[in-house]
Amino acid sequence: MADEDSQGFQAGQSGLIVRVPEAETAVRAWRERLDPSAQAGVPAHVTVLFPFLDAGRIDARVCAEIGEVLGRHRSFDVRFEHCGRFPGVLYLAPEPEGGFRRLTEAIAARWPECPPFGGQFDEVVPHLTIVQHQDDAVMDKVESDLRERLPIKSRVSCVDLLVHDGRRWCHRATFPLV
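What you see is a predicted model, and the numbers here were worked out from it, not measured in a lab.

**Here's the deal with the sheet that holds strand 4 (residues 89–95)**
Okay, step 1: What the 4 strands build is an open sheet, ordered 5-4-3-6; its pairing is antiparallel. Of all the strands in the sheet, the pair left with one neighbour each is strand 5 (128–132) and strand 6 (152–156). Adjacent strand axes in the sheet meet at a mean angle of 30 degrees, parallel and antiparallel pairs treated alike.
Okay, step 2: In the sheet, strand 4 pairs with strand 5 via 4 bridges, with the strands oriented antiparallel. Bridging across to strand 5, L90 finds its partner in V131.
Okay, step 3: Each of strand 4, strand 5 and strand 6 touches helix 1 (residues 24–34); the most contacted strand, strand 5, lies at about 45 degrees to it.
Okay, step 4: Packing against the sheet, helix 4 (residues 98–110) makes contact with strand 3 (76–86), strand 4 and strand 6, and its axis sits at approximately 90 degrees to strand 3.

Set out below in structure tokens:
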């Protein structure tokens, strides 16, 4: 992930996400300043699978398969009531998180060559990233601001495929849940 002109993202990378438009008002300003993916065009979201296939491998057949796999899953409601942290990262924690886990597991099972986050974590924790690569003082300030804007409620009814064009992340397809 080392394309210096695009915040560390490479042309042709793809990912599957659940957009959370209800969170945009609360998190947009912070994400635009403190999350490289937002600066590259990614909306507030919970990742289903990143990195996914190279864009050159995603054709109509692959899209049909993604739709088939995701189309077996029911829509669900989710709440974001509190923040969580990884080292250098502040995020909103979805509750319940099981629906996101099931989506990730289903896609990763179909495309085992694409483990979540490149296989770098033993456990995948569903989350909506707000801040990356910052110290605790910055994250404390953001978290304090966000407490007053929570809870955020959302209905998860689809998954989006995004592809990086070398400069920005672009929407390529949407796959509805049942």
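**What to know about the side chain of S14**
Okay, step 1: Relative to the helices and strands, S14 resides in strand 1 (residues 14–19).
Okay, step 2: A residue is classified by how much of its surface remains accessible, and S14, at 0% relative accessible area, is buried.
Okay, step 3: In this structure the side chain of S14 is engaged in a polar contact, spanning 2.4 Å, whose partner is the backbone oxygen of L53.
Okay, step 4: Residues within four places of S14 in sequence aside, it is in contact with F50, P51, F52, L53, I58, L161, L162, V163 and W169.

**Remarks on the environment of S37**
Okay, step 1: By secondary structure assignment, the location of S37 is in helix 2 (residues 36–39).
Okay, step 2: Distance from S37 to T129, taken between C-alpha atoms, is 9.2 Å for residues 92 residues apart in sequence.
Okay, step 3: Sequence-distant contacts of S37, that is, excluding residues within four places in its chain, are made with F9, R31, V42, H45 and Q132.

**A word on the side chain of D35**
Okay, step 1: Mapped onto the elements, D35 comes out in the loop between helix 1 and helix 2.
Okay, step 2: Owing to a relative accessible area of 0%, D35 belongs among the buried residues under this scheme.
Okay, step 3: Setting aside residues no more than four positions away along its own chain, D35 makes contact with W30, T129, I130 and Q132.

Reading guide: rules and limits
Residues numbered from 1 in each chain as written. Predicted model: local features only at pLDDT ≥ 70, side-chain atom pairs only at ≥ 80, totals over all residues. Heavy atoms only, no water. Pairing = 2+ DSSP bridges. Helix = DSSP H or I, 4+ residues; strand = E, 2+ residues; numbered from the N terminus. Axes fitted to C-alpha atoms, helices over the stretch in contact; angles between N-to-C directions. Contact = heavy atoms within 4.5 Å. Buried < 20%, exposed > 50% of the residue type's maximum accessible area, 1.4 Å probe, protein only. Polar contact = N/O pair within 3.5 Å; in protein donor to acceptor, adjacent residues only side chain to side chain.

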